[in-house]
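Each chain is listed here by its residues.
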Amino acid sequence: MERPSPPARTEPAQGRTTAVPARGRGPAMADVARVAGVSAQTVSRVLSGHPNVNETTRERVRAAVEQTGYRRNSLARALVTGRSKTIGVITHETDFYSGSAMMLGMQRAARDGGYFVSTASTASLSPASIAQAVDRLLDQGVDGLVIAVPVRDDESLGDLIHGTPTVVVDGMQSSATEVVAVDQVAAGRVATEHLLALGHETVWHLAGPASWNDANGRTAGWQAALHDAGRTEPPVLYGDWSPESGYRNGLVLGRLPEVTAVFVASDEMAFGLIRGLTERGRRVPEDVSVVGMDDIALAEYCSPPLTTVRQPFHLTGRLAIEHVIALIADPTTVHEPEVVLPELAVRLSTAPPR
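The rules behind each value
- Residue numbering note: each chain is counted from 1, following its sequence as written.
- Per-residue local features are limited, in this predicted model, to residues with pLDDT of at least 70; the limit for side-chain atom pairs, both in listing and counting, is 80 or more; totals at the level of whole chains, interfaces and linings are taken over all residues.
- Think of the side-chain values as coming from all heavy atoms in the structure, minus any hydrogens and water.
- A pair of strands is considered paired only if DSSP assigns at least 2 bridges between the two.
- The helix and strand labels rest on DSSP assignments: H or I over at least four residues marks a helix, E over at least two residues marks a strand, and numbering proceeds from the N terminus.
- The cut-offs for exposure are 20% and 50% of the maximum accessible area for each residue type, with area from a 1.4 Å probe on protein chains only; residues under the lower value are buried, those over the upper are exposed, and the others partly exposed.
- A right-handed crossover is one whose linking path, passing over the helix from the first strand to the second, runs clockwise when the strands point away from the viewer.
- Under the pairing criterion, centres of Phe, Tyr and Trp rings, with the six-membered ring standing for Trp, must be within 6.5 Å; the plane angle then separates stacked pairs below 30 degrees from edge-to-face pairs above 60, leaving the rest tilted.
- When the NZ atom of lysine or the CZ atom of arginine is within 6 Å of a ring's centre and also within 35 degrees of its normal, the charge is said to sit over that ring.
- Residue-level confidence of the predictor, termed pLDDT, takes values from 0 up to 100.
- Two residues form a contact once any of their heavy atoms are found within 4.5 Å.
- This arc describes the spread of directions from the helix axis toward the C-beta atoms.
- A 3.5 Å cut-off defines polar contacts: any pair of N or O atoms within that distance qualifies, except that in protein one atom must be a possible hydrogen donor and the other a possible acceptor, and neighbouring residues in sequence count only when both atoms are side-chain atoms.

The next thing to look at is the sheet that holds strand β11 (residues 289-294). With respect to topology, 6 strands assemble into an open sheet ordered β9-β8-β10-β11-β12-β14, the strand pairing being mixed. Looking at the sheet topology across the chains shown, the edges are occupied by β9 (237-238) and β14 (343-345). Bridge count for β11 against strand β12 (residues 307-310) is 4 bridges, and the pairing is parallel. Bridged to Val291 within β12 is Thr307.

What follows is the structure in structure tokens.
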């Protein structure tokens, strides 16, 4: 015959009654109530800051919480306060530096604001995949959302988030969202103008995937700079952000003697491009100047050190979280989209043409 589980027992401790929870579980609200000599409802009122509790009882409950080591879980807190103190972040499934750097900025800003971060990644950028990630985070009861994937202006987004305070990073603004964005058109322009100023007749461009808003913005800036300078616009090449795609394109461009300058839409692709050029016997920057995009930690240690357009990933992540926390505090507040300007970091991968 099985023995029943032993009930919580009480032991005297310095003249007071101490609730010892049954083995296998932590202290519960009932244990706090038993030590304080009040009902569980009174404990709940004290923990939620209810005004209709006298100060003597309130102090007794607080002492009992400390004595038992009771920790109130986030679900219980959310049921009482309506807030989980959690922000959901949707990211694209990648191991690139840019994503991890932006996430670090978000986590630090959330911690500073008294929030936790819960993430959901998407393997694709399809509306269905993004919707699934949104649903997963909303099911967790998050207080707000940061969508850090390149979504387009979709009227269904407002219905999807169900009024949840939401910030979109590098997306297209809709009626239900805010945008924190790096000026990608300015980034493409400053990179191209730098190469033209060195004396190159034109600038080739290795772009990111056409489905990404930031890739399209960089291409638009490149095109505008060439147009304003009255230069010929070479055909656009495309990669998938990976070094391997840069390498493949480097092998192609290395066969074209007319190529003397290339603006690459990411540092990772630029690393691969430089290797491909080198294998074709083209030296950087003596034969071909290369400008990357992002200024990741390894860019300064590339051979040669990579000229690149710096993106403030940590700042962008922080601003996104600060915006969403402000929306959580006051959903009626209207905030202007925040645009972050990129900076050019000039190193040794660019030089005047021979």
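Now for the pairing of strand β3 (residues 86-92). Where burial is concerned, most of β3 is hidden: 6 out of the 7 residues are buried. Pairing geometry for β3 and strand β4 (residues 116-122), over 7 bridges, is parallel. From the neighbouring strand, Thr91 faces β4, where its bridge partner is Ser121. In this region the chain leaves β3, passes through helix α5 (residues 97-112) and returns to the parallel neighbour β4; the handedness of that crossover is right-handed. The pairing of β3 with strand β5 (residues 144-148) spans 5 bridges and is classified as parallel. Residue pairing in the sheet places Thr91 in a bridge with Ala148 of β5.

Under the definition given, this model contains 1 aromatic pair. Pairing Trp212 with Trp241 gives two aromatic rings, centres 5.7 Å apart and planes at 80°, and the pair type is edge-to-face. With Trp212 in the loop between β8 (204-207) and α9 (213-228) and Trp241 in the loop between β9 and α10 (243-253), this residue pair connects regions lying 29 residues apart in the sequence. Between the NZ or CZ atom of Lys85 and the centre of the ring of Tyr115, over which it lies, the distance is 4.0 Å. Lying across the ring of Tyr247, Arg275 places its NZ or CZ 5.0 Å from the centre.

Across the chain, the average pLDDT comes to 84, with 83% of residues at or above 70. Per-residue pLDDT stays below 50 along residues 1-24; that stretch engages in 31 contacts with residues further than four places along the chain or on separate chains.

Residues Thr42, Val43 and Val46 constitute the buried set of helix α2 (residues 40-47). Projected onto a plane normal to the axis of α2, the buried residues spread over an arc of 100° and lie on a single side. Taken together, the buried residues of α2 touch α1 (29-36) and α3 (55-68). Of the residues trailing α2, Gly49 is marked for its positive phi of about 75°.

Moving on to the environment of Arg354. Examined against the element boundaries, Arg354 turns out to sit in the segment after β14. Judged by relative accessible area, Arg354 falls into the exposed class, the value being 77%. In sequence terms Arg354 and His200 are 154 residues apart; their C-alpha atoms lie 9.4 Å from each other. Apart from the residues within four sequence positions on either side, Arg354 is in contact with Arg283, Glu286 and Asp287. Polar contacts involving the side chain of Arg354 include one to the side chain of Asp287, which spans 2.8 Å.

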